[in-house]
Amino acid sequence: MKKLPDECVDVVFADPPYNLQLKDDLTRPDQSRVDGVTNDWDQFESFRAYDEFTRAWLSEAQRVLKKNGSLWVIGSYHNIFRLGTAVQDLGFWIQNDVVWVKSNPMPNFRGTRFTNAHETLIWAAKSPKGRPTFNYHSLKAANEDVQMRSDWTLPLCTGAERLKKLGAKVHPTQKPEALLHRILTATSEPGDVVLDPFFGTGTTGAVAKRLGRRYIGIERDGTYIQAAAERIAAVNRPKNEKDLAPIPAPRKAPRVGFGQVVEAGMLRPGTTLRCAKGKHRARVKADGSLAAELIEGSIHKVGATLQNAPSCNGWTFWHYERAKGSYAPIDELRQAIRARPS
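Keep in mind that what you see is a predicted model, and the values were worked out from it rather than measured.

Q: Report on the layout of surface pockets, specifying residues and quantitative values.
A: Looking at the second largest pocket, its volume works out to about 690 Å³. What lines the second largest pocket is a set of 35 residues, and nearest its centre among them are Pro 17, Pro 197, Phe 198, Phe 199 and Glu 219. For the lining of the second largest pocket, the secondary structure elements donating two or more residues are helix H1 (47-64), helix H5 (203-210) and helix H6 (222-233). It is H1 that contributes the most residues to the lining of the second largest pocket, three residues altogether.

Q: Could you give an account of the sheet that holds strand E13 (residues 295-297), naming the residues involved and the relevant values?
A: As summarised here, the arrangement of the six strands in space is E13-E12-E11-E10-E14-E15, forming an open sheet in which the pairing is antiparallel. Both outer strands of the open sheet, E13 and strand E15 (326-329), are each paired with one neighbouring strand and no more. Shown here is a sheet whose adjacent strand axes are inclined to one another by a mean of 35 degrees, direction ignored. Relative to strand E11 (residues 281-284), strand E10 (residues 272-275) runs antiparallel, the two being bridged by three bridges. What sits directly across from Thr 272, in E11, is Arg 283. Contacts between helix H8 (residues 299-307) and the sheet are confined to E11, strand E12 (290-292), E13 and strand E14 (318-323), with E13 contributing the most and set at about 150 degrees to the helix.

Q: Account for the sheet that holds strand E3 (residues 93-102), with residues named and values stated.
A: Pairing is mixed across the open sheet formed by seven strands, whose spatial order is E5-E3-E4-E2-E1-E8-E9. Two strands in the sheet have a free side with no partner beyond their single neighbour: strand E5 (151-154) and strand E9 (214-217). Strand after strand, the sheet turns through a mean of 20 degrees between neighbouring axes, direction not considered. The sheet contacts of helix H4 (residues 177-187) involve strand E1 (9-14), strand E2 (65-75), E3, strand E4 (118-125), E5 and strand E8 (193-196), and relative to E5 the element is tilted by about 140 degrees. On top of the sheet, H5 reaches E1, E8 and E9; it is set at about 170 degrees to E9, its chief contact.

Conventions and cut-offs
- Position numbers for residues count from 1 along each chain, tracking the sequence in the order it is written.
- It should be noted that, the model being predicted, local features are given only for residues of pLDDT at least 70 and side-chain atom pairs only at 80 or more, the latter also being counted only at that level, while totals for whole chains, interfaces and linings use all residues.
- In computing side-chain properties, one takes all heavy atoms of the structure into account and sets aside hydrogens as well as water.
- A cavity here means a set of 1 Å grid points, computed over protein atoms only, where a 1.4 Å probe fits but cannot escape. A pocket is an open set with protein on both sides within 12 Å along at least 5 of 7 lines, and lining residues have an atom within 4 Å of a point.
- Grid points are joined across faces, edges and corners, and a volume is the space filled by probe spheres set on the points.
- In this description a helix means any DSSP run of H or I spanning at least four residues, a strand means any run of E spanning at least two, and both kinds are numbered starting from the N terminus.
- Between any two strands, pairing holds if DSSP finds at least two bridges.
- Angles shown run from 0 to 180 degrees and are taken between the N-to-C directions of axes, each axis being a line fitted to C-alpha atoms and, for helices, limited to the stretch in contact.
- Only heavy atoms matter for contacts: two residues are in contact if any of them lie within 4.5 Å across the pair.

Worth remembering: the numbers are spatial, not functional.
Here you go:
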């Protein structure tokens, strides 16, 4: 990471060593061996050594991250609290912690603890002043038009997705692509650069390529590098780049006033608008305001007054007669203006 220039990446996703401190083999009730994490890269002399390692790579991640970039780190109970402390001590600003609930967790074979059925992710901005990308409306649309929660139920990486060589796992902690898909669609845009400093077998790179993001992967294990390169080479991107774009946030859309709808002739002065239930009505005036009984003003002010409400989104409250007996919100007309070539 030290070779990368300052503020050159939009997202950092890090799946660092968990420091599991496994001393003995873990066996199932039938005495078969569990394929746990015993690799050299997960071994540290002490908590202090692990903390020094953590602060070193997090400091570099903060340096290369853009002003409004996102940091994601994932861990288990062994290390996530130490990671969280370092994240806050270094000045990152935590946006959320997200719980990945595993729908198919490995059981606790010895029956001495609860089954470890989740891992925790930390999503953080570079600083308290950072404004990371958050594609709220895309996430909501993908979740049956319900706001996405911070508990994500996803299965472990299994089946054809799990990379194997001679019947053995290539990497012991390969993450499911669904997890990275949600992270990148949530907090990045097509064309953004995603850095994974613990690249492993390339899950981040594969998902980034499929979603039209660019990626930088850092990995020192030759076996993992080869597996990642082959995996990413097989990934195809959608042919239509528009299919990769998130739903734009309304506040980022070009501002359109109701007066522009009237000026464009989409609604004539004197046209009657009504609310969805037909309870309230108002007339369109030539200056782009509305007139109702005892009140005149903007589409928002008139709507709020008639409902005796503190505020009102006039674009969705007021409806026009699109066809005989068929009404639609006037927001359709606003969107039509936005869709016009600039």
